[in-house]
There are 2 protein chains.
Amino acid sequence: MRPDETIECCELMYVHKDIVEKVREEMPDEEELYDLAELFKIFGDSTRIKILYLLFESEMCVCDIAQLLNMTQSAISHQLRALKQSKLVKYRREGKTVFYSLADGHVRTIIDQGMEHVKE
Amino acid sequence: MRPDETIECCELMYVHKDIVEKVREEMPDEEELYDLAELFKIFGDSTRIKILYLLFESEMCVCDIAQLLNMTQSAISHQLRALKQSKLVKYRREGKTVFYSLADGHVRTIIDQGMEHVKE
DNA sequence: CTTTCATATGATTGATTGTTCATATATTAT
DNA sequence: ATAATATATGAACAATCAATCATATGAAAG
């Protein structure tokens with residue numbers, strides 16, 4: 001199969017011309033698809049999933065999260081950075097302490113839907 | 001910070017005892033959290049995301065997908081394997097051809113929510 | 001200003017992962 | 001049987017990534 005040529009293959013180009021056109025219309029552009037994959041990568045680590053579950057209950061500081069998950073402060077801080085960059089969590093400073101919380105409702109919806117799928 | 005000891009740290013253990021208990025109750029068990037992260041890992045690749053978007057329009061054979069995404073049959077087949085193992089797609093054989101389609105509605109919901117987040 | 005406490009970050013490393021290449025399997029036609 | 005076509009799979013390799021360690025920043029207290 002040589003993908004760089006429009007060779008006749010299966011029945012696609014000839015029988016399902018309408019679908020091909022619809023696909024080309026409806027498919028988001030390359031950059032959006034890349035960003036979407038990058039977002040899901042962030043959900044694709046159990047440490048980060050656990051952090052998000054913790055934040056479902058309440059805002060928390062880094063140290064609290066580290067204790068509850070039985071992990072080092074550094075490991076948690078690194079993961080919070082990733083969550084922050086994807087705008088999944090927000091934070092506020094209070095003296096020496098930094099409190100993290102969920103950024104918006106999408107986070108919960110995405111995780112809940114994922115969990116429903118997993119539980120089937 | 002030594003996570004393997006219950007040292008006094010921040011104000012967690014003393015001020016927010018109720019939250020700690022709620023967290024311990026509401027948090028899914030380790031195995032479910034791991035499975036959930038594994039599921040999101042599958043969404044965390046732009047090739048797989050593209051495949052899923054294609055299948056939003058119609059069931060398709062491997063060769064169709066490879067052509068539309070301008071990738072090799074082998075690469076697509078490997079990714080379909082991952083999608084199949086996570087029960088995100090299903091397939092039916094028709095002669096030499098194998099048609100793939102979306103397994104259930106969660107896929108669409110998860111992707112749509114993710115895309116909403118990305119577009120903000 | 002120095003110390004202490006909470007958090008952030010850069011470098012390193014072992015592990016995971018996506019694509020490629022070669023090859024195997026499965027189905028149909030000759 | 002053999003050839004042709006569609007798909008699947010195993011090994012290999014480069015790239016990515018999460019945890020660790022050491023260290024830096026930032027804020028309050030002495």
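It should be noted that the structure appears before, not after, this text.
Residues numbered from 1 in each chain as written. Chains lettered and ligands numbered in written order. Predicted model: local features only at pLDDT ≥ 70, side-chain atom pairs only at ≥ 80, totals over all residues. Heavy atoms only, no water.

Novice: Quick question: what am I supposed to make of the packing of aromatic side chains here?
Specialist: By convention here, two paired aromatic rings are described through the distance between centres and the angle between planes. Evaluated as defined, the whole model comprises nine aromatic pairs over all chains. Ring centres of Phe40 of chain A and Phe43 of chain A lie 6.5 Å apart, and the angle between their planes is 45°; this geometry places the pair in the tilted category. Taken together, the residues Phe40 of chain A and Phe43 of chain A, both in helix 3 (residues 30-43) and three residues apart, mark about one turn of the helix. By the burial criterion, Phe40 of chain A is buried, and Phe43 of chain A matches it. An aromatic cluster of three or more residues is present, and its members are Phe40 and Phe43 of chain A together with Phe40 and Phe43 of chain B. (Phe/Tyr/Trp six-rings, centres within 6.5 Å; stacked < 30°, edge-to-face > 60°. Helix = DSSP H or I, 4+ residues; strand = E, 2+ residues; numbered from the N terminus. Buried < 20%, exposed > 50% of the residue type's maximum accessible area, 1.4 Å probe, protein only.)

Novice: When you look at the protein's contact with DNA strand D in this model, what are you seeing that I'm missing?
Specialist: Neighbouring residues of DNA strand D: 27 residues in total, closest Thr47, Arg48 and Gln79 of chain A together with Ser74 and Tyr100 of chain B. Close to the protein, within 4 Å, the atoms of DNA strand D belong to sugar or phosphate groups at a rate of 62%. In this structure, Thr72 of chain A approaches DNA strand D through a side-chain N or O atom, which is 3.5 Å from a phosphate oxygen. Here a phosphate oxygen of DNA strand D sits 3.0 Å away from a polar atom, N or O, in the side chain of Ser77 of chain B. When residues of the surface near DNA strand D are traced back to their parent elements, those giving at least two are helix 4 (46-57) and helix 6 (73-85) of chain A together with helix 5 (62-69), helix 6 (73-85) and strand 3 (97-102) of chain B. At six residues, helix 6 of chain B tops the list of elements feeding residues into the surface near DNA strand D. (Near = heavy atom within 4 Å. Polar contact = N/O pair within 3.5 Å; in protein donor to acceptor, adjacent residues only side chain to side chain.)

Novice: Can you help me understand the protein's contact with DNA strand C in this one?
Specialist: With respect to spatial proximity, 26 residues lie near DNA strand C, and among them Ser74 and Tyr100 of chain A together with Thr47, Arg48 and Gln79 of chain B are the closest. Close to the protein, within 4 Å, the atoms of DNA strand C are drawn from sugar and phosphate at a rate of 61%. In this structure, His78 of chain B approaches DNA strand C through a side-chain N or O atom, which is 3.3 Å from a base oxygen. Elements with a minimum of two residues in the surface near DNA strand C: helix 5 (62-69), helix 6 and strand 3 (97-102) of chain A together with helix 4 (46-57) and helix 6 of chain B. Per element, the largest residue contribution to the surface near DNA strand C is five residues, and it comes from helix 6 of chain A.

Novice: Mind showing me how you'd approach the packing of helix 3 of chain A against helix 3 (residues 30-43) of chain B here?
Specialist: Relative placement of two packed helices is described by the angle separating their axes and the distance separating the axes. Direction vectors running N to C along helix 3 of chain A and helix 3 of chain B enclose 165°, while the axes themselves pass 7 Å from each other. It follows that helix 3 of chain A is roughly antiparallel to helix 3 of chain B by the angle criterion. Crossing angle aside, the handedness with which helix 3 of chain A passes helix 3 of chain B is left-handed. From helix 3 of chain A, Ala37, Phe40 and Phe43 of chain A reach across to helix 3 of chain B, where they touch Ala37, Phe40 and Phe43 of chain B. (Axes fitted to C-alpha atoms, helices over the stretch in contact; angles between N-to-C directions. Parallel < 35°, antiparallel > 145°, perpendicular 65-115°, else oblique. Left-handed = near helix turned anticlockwise from the far one by under 90°. Contact = heavy atoms within 4.5 Å.)

Novice: Explain the relation of the copies chain B and chain A here, please?
Specialist: Two copies of a chain can be linked by a rotation about an axis combined with a shift along that same axis. If you rotate chain B by 180° and push it 0.0 Å along the axis, it lands on chain A with an RMSD of 0.0 Å. Here the copies are linked by what is in effect a two-fold axis. When the interface residues of chain B are mapped onto chain A, 100% of them again lie at the interface, so the same face is used by both copies. (Least-squares fit on C-alpha atoms with pLDDT ≥ 70 in both.)

Novice: How should I be thinking about the sheet that holds strand 2 (residues 89-94) of chain A in this particular structure?
Specialist: Adjacent strands of a sheet form backbone hydrogen bonds with each other and so pair up, either parallel or antiparallel. Strand order in the open sheet made by the three strands is 1-3-2 (chain A), with antiparallel pairing throughout. Each edge of the sheet is formed by a strand with only one pairing partner; in this case those strands are strand 1 (60-61) and strand 2 of chain A. (Pairing = 2+ DSSP bridges.)

Novice: Any chance you could explain the environment of Cys10 of chain B here in plain terms?
Specialist: Relative to the helices and strands, Cys10 of chain B is located in the segment before helix 1 (12-15). Given a relative accessible area of 35%, Cys10 of chain B falls into the partly exposed group. Here the alpha-carbon distance between Cys10 of chain B and Ser101 of chain B, two residues 91 residues apart in the chain, equals 50 Å. In this structure, Cys10 of chain B is in contact with Cys61, Cys63 and Asp64 of chain A, ignoring residues within four places of it in sequence.

Novice: Quick question: what am I supposed to make of the pairing of strand 2 of chain A here?
Specialist: Two faces make up the sheet, and in a regular strand the side chains alternate between them. Residues and elements named next belong to chain A. Strand direction decides the pairing type here: strand 2 and strand 3, joined by six bridges, are antiparallel. The residue bridging Tyr91 from the neighbouring strand is Tyr100, located in strand 3. Linking two consecutive strands that pair antiparallel, namely strand 2 and strand 3, is a turn of two residues; a positive phi of about 65° is found at Gly95 within it.

Novice: Just checking my understanding: could you explain the environment of Lys41 of chain A for this structure?
Specialist: By the element assignment, Lys41 of chain A lies in helix 3. The sequence separation of Lys41 of chain A and Asp112 of chain A amounts to 71 residues, and the corresponding C-alpha distance is 17 Å. Leaving out residues up to four positions away in the same chain, Lys41 of chain A has contacts with Arg48 of chain A together with Gly44 of chain B.

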